[in-house]
Amino acid sequence: KAGVTQTPRYLIKTRGQQVTLSCSPISGHRSVSWYQQTPGQGLQFLFEYFSETQRNKGNFPGRFSGRQFSNSRSEMNVSTLELGDSALYLCASSLVLAGENEQFFGPGTRLTVL
Amino acid sequence: AQSVTQPDIHITVSEGASLELRCNYSYGATPYLFWYVQSPGQGLQLLLKYFSGDTLVQGIKGFEAEFKRSQSSFNLRKPSVHWSDAAEYFCAVGTGNQFYFGTGTSLTVIP
């Protein structure tokens, strides 16, 4: 079975731009979660989608949004980028709801905001 | 509120020495417990998990962890560390509703 894939792997943007990151979960997995990882803040939960519905949301501003499609693929969007948004963005998929089973992580998208 | 604590931010061990990474959680019931490892610039890989049953669980790469309900702990151990074990280790808790990660422990292995 193919693992979790994330595209692109690397992105460079400038302040004020917007960005869309994509995540394809393991086949059959219905839950997709997104995390932001920075050296100072560690792993921070952004949101979780299950069957196209957002189940949980972390403490991030409204500039961070996401969605999930009927094939469970998910996208995350960040609008009006700020320097502090530079981070590794990790996607994780789970067979059932996150919190009830292990999550499988993708390699991440490294976003650099200049 | 639920939380996961990894009290050691950084640990240095010699190759061949034993290792124990600490993890404590705060949750009213018995959660699902996990240990993940992350190599630089990579995603997280699951080392082992505990859902129920035997409180000593075996994982990949020679790691094991023991769930102690009375101490709300799930410490990770390895009897003999290899240089390739140098990485960041995260303890995680699943409560059924959400997943919580600890802040991580960075492991350095010296020859």
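Residues numbered from 1 in each chain as written. Chains lettered and ligands numbered in written order. Predicted model: local features only at pLDDT ≥ 70, side-chain atom pairs only at ≥ 80, totals over all residues. Heavy atoms only, no water.

Student: Summarise the pairing of strand β5 (residues 32-38) of chain B; cite the residues concerned and give the values.
Tutor: All names here are of chain B. Most of β5 is tucked away: 6 of the 7 residues are buried. Here 7 bridges tie β5 to strand β10 (residues 87-94), and the two strands are oriented antiparallel to one another. Residue pairing in the sheet places Gln 38 in a bridge with Glu 88 of β10. Bridge analysis of β5 against strand β6 (residues 44-50) gives 6 bridges, and the strand direction is antiparallel. Paired with Trp 35 across the two strands is Leu 48, which belongs to β6. (Buried < 20%, exposed > 50% of the residue type's maximum accessible area, 1.4 Å probe, protein only. Helix = DSSP H or I, 4+ residues; strand = E, 2+ residues; numbered from the N terminus. Pairing = 2+ DSSP bridges.)

Student: Tell me about the state of the cysteines, and please be specific about residues and values.
Tutor: Residue and element names in this part refer to chain A. Using the criterion set out here, one finds 2 disulfides over all chains in the structure. Each sulfur in the disulfide pair Cys 23 and Cys 91 lies 1.7 Å from the other. The sign of the S-S torsion, about -50°, decides the handedness of the disulfide formed by Cys 23 and Cys 91: left-handed. Taken together, the residues Cys 23 in strand β3 (residues 19-24) and Cys 91 in strand β9 (residues 87-94) connect sequence positions 68 residues apart. (Disulfide = S-S within 2.5 Å.)

Student: Let's hear about the side chain of Ser 93 of chain A: which residues, and what values?
Tutor: Residue and element names in this part refer to chain A. Along the chain, Ser 93 falls in strand β9. In terms of polar contacts, Ser 93 uses its side chain to reach the backbone amide nitrogen of Ile 26, at 3.4 Å. Among all residues touching Ser 93, those that are not within four sequence positions of it are Val 4, Pro 25, Ile 26, His 29, Ser 31, Val 32, Glu 102, Gln 103 and Phe 104. (Polar contact = N/O pair within 3.5 Å; in protein donor to acceptor, adjacent residues only side chain to side chain. Contact = heavy atoms within 4.5 Å.)

Student: How would you sum up the interface of chain B and chain A? Please name residues and give values.
Tutor: In this complex, chain B contributes 19 residues to the contact, which on the side of chain A involves 20 residues. Counting each side, the surface lost to burial between chain B and chain A is near 1600 Å², with a carbon and sulfur contribution of 52%. Applying the counting criterion to the chain B and chain A interface returns 1 salt bridge. When the shortest N-O distance is used, the salt bridge between Glu 102 of chain A and Lys 49 of chain B registers 2.7 Å. Counting only elements with at least two residues in the side of chain B that touches chain A, the list comes to β5, β6, β10 and β11 (99-101) of chain B. In terms of residues, the side of chain B that touches chain A owes the most to one element, β5 of chain B, which gives 4 residues. Looking at side-chain class alone, the side of chain B that touches chain A contains 9 nonpolar, 9 polar and 1 charged residues. (Buried area = accessible area lost by both parts, 1.4 Å probe. Salt bridge = Lys/Arg side-chain N within 4 Å of Asp/Glu carboxyl O. Nonpolar A, V, L, I, M, F, W, Y, C, P; charged D, E, K, R; others polar.)

From the geometry alone we can't say anything about function, so treat these as descriptive.
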